[in-house]
Amino acid sequence: MSKPKITVKNSGVVTLNFFKDFPDGDLFIAEARKNIPHDIKRIYFINNLANKKAVRGKHAHKKLTQVIFCINGSFHLGLDDGSKKQTVVLDDPGYGVILGPKLWHTMTGFSDDCVLLILAGDYYRKDDYLRNYDEFMRYVHKDRRHD
Ligand code: T46
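About the criteria used
- Residues numbered from 1 in each chain as written.
- Predicted model: local features only at pLDDT ≥ 70, side-chain atom pairs only at ≥ 80, totals over all residues.
- Heavy atoms only, no water.
- Core = buried A, V, L, I, M, F, W, Y, C linked by side-chain atoms within 4.5 Å.
- Buried < 20%, exposed > 50% of the residue type's maximum accessible area, 1.4 Å probe, protein only.
- Helix = DSSP H or I, 4+ residues; strand = E, 2+ residues; numbered from the N terminus.
- Contact = heavy atoms within 4.5 Å.
- Near = heavy atom within 4 Å.
- Polar contact = N/O pair within 3.5 Å; in protein donor to acceptor, adjacent residues only side chain to side chain.
- Areas by Shrake-Rupley, 256 points an atom, 1.4 Å probe, with all protein chains shown as cover.

(A) Representation of the nonpolar core. Within the largest apolar cluster, 19 residues are counted, with the highest numbers of intra-cluster contacts made by Ile68, Phe75, Leu77, Leu90, Met107, Phe110 and Leu116. For this core, the leading source of residues is strand β7 (residues 75-80), giving three residues. In this view, Ile68 contacts Phe75, Leu77, Leu90, Tyr95, Gly96, Val97, Leu99, Met107, Leu116, Leu117 and Ile118; residues no more than four positions away in its chain are not counted.

(B) Just the site of the ligand, in detail. For the ligand, the set of nearby residues contains 14 residues, the closest of which are Arg42, Arg56, His61, His105 and Tyr129. The contact in question runs from an oxygen atom of the ligand to an N or O atom on the side chain of Arg56, over 2.7 Å. A distance of 2.8 Å separates an oxygen atom of the ligand from a polar atom in the side chain of Arg131. Burial of the ligand by the surrounding chains reaches 68%, relative to a free accessible area of 640 Å². Contributions of two or more residues to the shell around the ligand are made by β4 (42-46), β5 (56-61) and β10 (104-108). Of the residues forming the shell around the ligand, the biggest block, four residues, is contributed by β5.

Keep in mind these numbers describe shape, not what the thing actually does.
Now the structure itself:
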């Protein structure tokens, strides 16, 4: 169990407060605008990751900010801000990774018991997705010229 170290832009680590009540369970707490940096308008989770070769994500968002947690098991999270890339292992429910805008992300290497939980700052908007990598690179670098 380890705290991910983030080096890409538009990301970071969120640490949850928790109460360790072993053997009666652990309680983790996420609060919007406290340890979660944004309001929470949508929650979704992903389980039943039976396919060892599953690859999820492979997109970036234009505006959306989310925090992703692995609340059971483990998986590999690939992050790419258009200049720098890194892969972190999420295996501790107490640490979430911020998926800010303009951050290409890919989820792979799921353990059998893996459950992902995502806290999103906005409702689902199909037009917020950049699902083509070349389009993502153009979008990121176009923006940076205007920074
Ligand atoms: C993300 C990563 C971490 C909806 O209709 N509403 C929703 O709120 C979501 C999340 C998905 N969908 C639909 C869109 C697709 O037709 O569900 C289908 C599967 O979604 P997708 O292939 O985007 O799933 P992932 O796991 O690749 O990506 C998801 C989120 O979509 C995405 O925003 O950042 O998890």
